[in-house]
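# Descriptive structure summary
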Amino acid sequence: SGTVKAADGSALPGAAVAVRGDLLPAGRTTATDAQGAFGFQRLLPGSYGVTAELSGLGTVSREVVVALDKDTQVELVLNPAMAEEISVTAAVPVIDVKSSEVQTNYRHEEIEDLPIPRTYKGLFELSPGVSENNRLAPNAGGSRMDNTFLLDGINITNPHYGDIFPNVTELDIDEVSLKRGGISAEFGRTGGMVVNVITKSGTNQIKGEARFEYQPAAWVSDSKLATLQNTTDRDAWGIGLGGPFVRDRLWWYGSASSPTLTETDRRNQLGSVPDRELSTDEYFGKVTANPVASQLLSGSYRSRDTTNQNAGIGANVHPSVASNDTTDYELATFGWTWLITPNSFLEVKVNHNKEENGTDPVTNFGYRPTFDPAHPENMGRFTTTADRIVGGANTVGQIVGGSDLAINNQDFTRDELRATFQSFQEWFGLSHDVRVGVSYSEDEERLERRANGWGTVTWNPTTKLFTASYVSAQPPHTGRGKGTGVFLQDQVTIGERTTVTAGLLVSRDEYFGEALGSTPGSKRKVKILTFDWDQEIQPRLGISYVPRLDVGDKVYGNFGRYYNTDNKSLVRAASPTRIFTTRATFDATGKLISDVPAANTQNKKVDPGLDPQYTDEWVAGYATPLGAGWAVDLWGIYRKSGDIMEDVSADGLGTGPFHISQLDDAYRKYRAVTLQVSSTPRERWLGLALTGSYTWSRFKGNWDIDFGGNSPFYNSSFIQDGPGVLITDNRDGLLRGDRTNVAKVFASIQPFPRFKVGSYVRYQSGGAWEARGLPDANVSSSSHFRYLESAGSRRMEDWLNVNLQSSYAFELGGFELEIEGVVANVFNEQVELAVDDRLIVGRATAPNNPLFGTPTDLSQPRSYLLSAIVRY
């Protein structure tokens, strides 16, 4: 957007303005309004030329860069003394003075110059204040389930766990936007961050890229811990190609990739571990069309199949416990944009996501074999005690036997429709950017499980009893969720300095489980809970003020309420009939004493009058340019989450019955201050680009679900399950996702033509943790541990990581061959990312866990990666 003015600074209404580029070769045209203003909405991210002309005043042209979800503002001046003026330096949205969001953008050219994993998940590293925490999804000032992940504006977040599976490769990535706060009503409800990756599209020219990456195991340093060893042999190939079906109107793009990772020479605390192989086959196709100037169409399909052999072998786990896992993923999308007038448009997006996960245990015991007390490791997944060092273990607290599940199929779907209408109006002398939209989604989880042997087996040396927690043979469970949302938003420009963004998002969520049907073995869908429109009113108010018009700086602030209920895990946790766990008790001779369903997995009720959990957020900041292409941004954020609802035991002892209840005293708070300095690549041979940030933060509370390597989920965490994990039991303190200090520097430079050097430096505080122990003897579950000291009492090691990259491009006729080398973890800093927090294992008065405080996961050692890239 921008203005067209005369040489004396007066506005020029009625000037003809046109924009065109590789992604819009037919171009668009509009005319300036009474204030000389113009705007072009829903342009794909990329480079464009914009031209303005008015009879008698000549023509002016300017190159502009359009960034994802940012407003590139440009002023064009018509001078009758000049027939044409061309600006060499492109207008780049260094600071969007109208926005009150905290947002960081990177284009694919910048991403390719940095030594980071250039996949969807690898791009999380680019976000200020977000640490590497080796999780399934990043902690960004909330739980890892509070984030929203978008691909081409389509929600690809897992509807139950809140993490993300499709790890899109760099071949397809055109630009990424990472929103850390002040998120407008249009982008939904998140207590973390919103990540949106735009994929590449075809153009009038046939363009392509092929990549091969090579990293043999010899190029990976040994682990510094003799008990935690592995080397990684990695290779990957991929190709992406796009072009026209019909020039100026219809284009195609497609890609295929197949990364493979093999871990060899593996050792853990029990000895040698078999090789692990992770392989993926991914295919993507996309068609875009601009059949007439007012119509934009796009459709895409992605398929990603992954296999993970010998998975699940942690630091204290015997290889026999491993499993072979598979995930098949597909995503189909369709988008339509209708430019009704130059000042208004309608956009509709539809998508279908499907994720199928399966597990096959390496060691299969059959279903509930005759119980053998002399060999509990042959009965299921067994944790050793002082008097039961079996199955290849060498100390207490190690896991031996086999996987606890012989069948573990978890399938998810998400179908979604979004429609947005946007219009630019002049009302009462003010400019308005009005947006109204609706969304509707349906998601489903189909879960099928059955125990391997007797599931998880524990031995109590005090009572001389075995407890087996197992999933009996049961029909699959299906849980469904529906979400509907309506938003209204107006961005009002007041004069030349002030922009107010006021929005309201209203949502409705429905949760459906299953109950027994009228005939034996049948099930019927039942509604568990509804959060109605009046319960999920989410206001947003942001303001941005420009103190110095000649500089283009801004002071901004934002308030928002977010209901984090898009995650529909309650459809499993609170379903009247669900996949439940049975607990069998055996004496020391193997005689069955009892065999009853576990209270915390059976027939949970939902308390009436529940309110949805929320996050309130306040953001304040100041941003200013620093010379040509540089900017500094200082912002603070405060978040508080409340109205937590979780499953609790009615007796407080963990014996049940369990019900979903509001925990009035449960809370979570996040405070952070970030200073960020950034530049854009300069249009000269040196090509320097740099971004540096420092974040101080505190993540505190008593409701912590960001722990462990698995995926716990909302409404079924360990809080209030029994003594040791109650709100009053040492839970108040720093949460596991806390990283007090996070500093990052990204830099790339082109010292001479075709040669580039890039670096990534990150310093982060170690994670907070505390000593844990098994719950009291009358609590039957052994899967959660009591807080033996205040939460966050201890710290893991701080981590300084440095990655370097260099590349050289050769011109080969119409092709370019680039050879690239990356050194990751230059100083071989191998720090603990997770530790054994079990101070006590078993219930006997035995010595403390000898492995307490030892690392269970380390940062990856130094490694070298060589790549060859061919571009056409």
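In this report, the structure presented in the accompanying data block is examined. If you're wondering where the values come from, they're calculated on a predicted model, not measured in any experiment.

On to the overall build of the chain. Looking only at helices and strands, one finds 2 helices and 53 strands in the chain. Whereas a compact globule of 872 residues would reach a radius of gyration of roughly 29 Å, the chain reaches 29 Å, a difference of no more than 12%. Evaluated residue by residue, the chain yields a buried proportion of 57% over its 872 residues. Restricting the contact set of the chain to residue pairs at least 6 apart, pairs at least 24 apart contribute 70%. Here the chain displays about 33,500 Å² of accessible surface, and carbon together with sulfur accounts for 56% of that area. One finds the centroid of the 83 positive side-chain charges in the chain at a distance of 3 Å from the centroid of its 105 negative side-chain charges.

Using the criterion set out here, one finds 54 salt bridges in the structure. Taking the shortest distance from any N to any O, the salt bridge between Glu-186 and Arg-42 comes out at 3.5 Å. Taken together, the residues Glu-186 in the loop between β12 (173-181) and β13 (194-199) and Arg-42 in the loop between β4 (37-38) and β5 (46-54) connect sequence positions 144 residues apart. Taking relative accessible area as the criterion, Glu-186 reaches 14% and is therefore assigned buried. Given the relative accessible area of 27%, Arg-42 is considered partly exposed. One salt-bridge network, in which partners are shared between bridges, spans Glu-112, Arg-118, Glu-170, Glu-209, Arg-211, Glu-816, Glu-818, Glu-820 and Arg-871.

All right, on to unusual backbone geometry then. With a phi close to 55°, Arg-42 is a non-glycine residue in the positive phi region. A positive phi angle, near 55°, is found at Asp-69, a position not held by glycine. With respect to the element layout, Asp-69 can be found in the loop between β6 (58-66) and β7 (74-78). Residue Asp-69 is classed as partly exposed on the basis of its relative accessible area, which comes to 31%.

Taken together, the side chains of Asp-222, Asp-265, Asp-275 and Glu-277 present a region of like negative charge at the surface. Along the chain, Glu-277 falls in strand β18 (residues 276-289). In this structure Glu-277 comes out as partly exposed when scored by relative accessible area, which is 31%.

Next up on the list: the pairing of strand β24 (residues 405-427). Two strands pair when backbone bridges link them, and strand β21 (residues 344-361) and β24 are joined in this way by 14 bridges, in the antiparallel orientation. Bridging from a neighbouring strand, Glu-355 pairs with Phe-412 of β24. Sheet topology note: the β24/strand β25 (residues 430-451) ladder contains 22 bridges and is antiparallel. Bridge pairing in β25 places Asn-408 opposite Arg-449. Counting the residues that bridge the hairpin from β24 to β25 gives 2 residues, and of these Phe-428 lies at a positive phi of roughly 55°.

Sheet architecture is open: 6 strands sit in the order β23-β22-β26-β27-β33-β34, paired in mixed fashion. Among the strands making up the open sheet, the edge pair consists of β23 (399-401) and β34 (592-597). When the angles between neighbouring strand axes are averaged without regard to direction, this sheet yields 25°. For strand β22 (residues 381-383) and β23, the ladder comprises 3 bridges, and the chain directions are antiparallel. Paired with Phe-382 across the two strands is Val-400, which belongs to β23.

Bringing the pairing of strand β39 (residues 658-663) into the picture now. Counting buried residues along β39, 6 of its 6 residues qualify, which places the element largely inside the surrounding structure. Alternating positions in β39 separate into two faces, Phe-658, Ile-660 and Gln-662 on one and His-659, Ser-661 and Leu-663 on the other, with burial throughout. Sheet topology note: the strand β38 (residues 644-649)/β39 ladder contains 6 bridges and is antiparallel. Residue pairing for β39: Asp-647 is matched across the bridge by Ile-660.

What the rule picks out here adds up to 26 aromatic pairs. Measuring from ring centre to ring centre gives 4.6 Å for Phe-746 and Tyr-760, while their planes differ by 5°; the resulting arrangement is stacked. Of the two residues, Phe-746 sits in strand β43 (residues 741-752) while Tyr-760 sits in strand β44 (residues 755-764), which places them 14 residues apart along the sequence. Among the residues examined, Phe-746 registers a relative accessible area of 3% and is labelled buried. Classification of Tyr-760 by relative accessible area gives buried; the value is 2%. An aromatic cluster is built from Phe-371, Trp-454, Trp-459, Phe-466, Tyr-470 and Phe-586, whose rings are joined through pairwise contacts. Taking the ring centre of Tyr-614 as reference, the NZ or CZ of Arg-561 above it sits at 4.1 Å. Its end group placed over the ring of Trp-769, Arg-794 keeps NZ or CZ at 5.5 Å from the ring centre.

Spatially, 3 strands are ordered β4-β1-β7 in an open sheet, and the strand pairing comes out mixed. On the outer flanks of this sheet lie β4 and β7, each paired with one strand and no other. Pairing of strand β1 (residues 2-6) with β4 involves 2 bridges; the strand directions are antiparallel. What sits directly across from Gly-2, in β4, is Phe-38.

Time to look at the side chain of Ser-867. Within the secondary structure, Ser-867 sits in strand β53 (residues 863-871). Ignoring sequence-local partners within four residues, the contact set of Ser-867 consists of Phe-212, Glu-213, Glu-818, Ile-819 and Glu-820.

Another aspect to go through is the nonpolar core. Nonpolar side chains tend to gather and get buried jointly when the protein is soluble and globular. Ranked by size, the top nonpolar core spans 28 residues in total, and within it Tyr-120, Leu-126, Val-176 and Val-195 carry the most contacts. Taken together, the elements giving at least two residues each to this core come down to β10 (148-151), β12, β13 and β20 (323-341). Considering each element in turn, this core owes the most residues, 3 residues, to β12. Not counting residues up to four positions away in its chain, the partners in contact with Tyr-120 are Phe-149, Leu-150, Leu-151, Ile-156, Ile-164, Pro-166, Asn-167, Val-168, Ile-173, Val-195, Asn-196 and Val-197. Counting residues in hydrophobic clusters, the runner-up holds 21 residues, among them Ala-15, Ala-52, Val-74 and Ala-91.

We now examine a positive patch on the surface. A grouping of Lys-640, Lys-669, Arg-671 and Lys-700 is seen on the molecular surface, where their side chains present a positively charged patch. If you trace the backbone, Lys-700 turns up in strand β41 (residues 689-701). On the accessibility criterion, Lys-700 (35% relative accessible area) is partly exposed.

Right, let's get into the environment of Glu-125. If you trace the backbone, Glu-125 turns up in the loop between α1 (108-111) and β10. Given a relative accessible area of 12%, Glu-125 falls into the buried group. Between the C-alpha atoms of Glu-125 and Tyr-760, which are 635 residues apart in sequence, the distance is 9.7 Å. With near-sequence residues (within four places) excluded, Glu-125 lies in contact with Glu-132, Lys-744, Phe-746, Tyr-760 and Arg-762. Within the structure, Glu-125 has its side chain in polar contact with the side chain of Arg-762 (distance 3.0 Å).

Tracing the chain through its elements places Ser-469 in strand β27 (residues 465-470). Beyond its immediate sequence surroundings of up to four residues, Ser-469 is in contact with Trp-454, Gly-455, Thr-456, Thr-581, Thr-582 and Arg-583. There is a polar contact of 3.2 Å between the side chain of Ser-469 and the side chain of Arg-583.

Time to look at the environment of Glu-101. Topologically, Glu-101 is positioned in the loop between β8 (86-91) and β9 (102-107). Considered as a pair, Glu-101 and Lys-527 are 426 residues apart in the sequence and their alpha carbons are 37 Å apart. The residues touching Glu-101, leaving out its near neighbours within four places in the chain, are Asp-69, Lys-179, Gly-181, Gly-182, Ile-183, Ser-184 and Phe-187.

Basis of the calculations
Residues numbered from 1 in each chain as written. Predicted model: local features only at pLDDT ≥ 70, side-chain atom pairs only at ≥ 80, totals over all residues. Heavy atoms only, no water. Helix = DSSP H or I, 4+ residues; strand = E, 2+ residues; numbered from the N terminus. Rg over C-alpha atoms; globule rule 2.2 N^0.38 Å. Buried < 20%, exposed > 50% of the residue type's maximum accessible area, 1.4 Å probe, protein only. Contact = heavy atoms within 4.5 Å. Areas by Shrake-Rupley, 256 points an atom, 1.4 Å probe, with all protein chains shown as cover. Lys, Arg positive; Asp, Glu negative; His and termini not counted. Charge placed at Lys NZ, Arg CZ, Asp CG, Glu CD. Salt bridge = Lys/Arg side-chain N within 4 Å of Asp/Glu carboxyl O. Patch = residues over 30% accessible without salt bridge, like charges linked within 9 Å, V, L, I, M, F, W, Y side chains within 5 Å. Pairing = 2+ DSSP bridges. Axes fitted to C-alpha atoms, helices over the stretch in contact; angles between N-to-C directions. Phe/Tyr/Trp six-rings, centres within 6.5 Å; stacked < 30°, edge-to-face > 60°. Lys NZ or Arg CZ within 6 Å of the ring centre and 35° of its normal. Core = buried A, V, L, I, M, F, W, Y, C linked by side-chain atoms within 4.5 Å. Polar contact = N/O pair within 3.5 Å; in protein donor to acceptor, adjacent residues only side chain to side chain.

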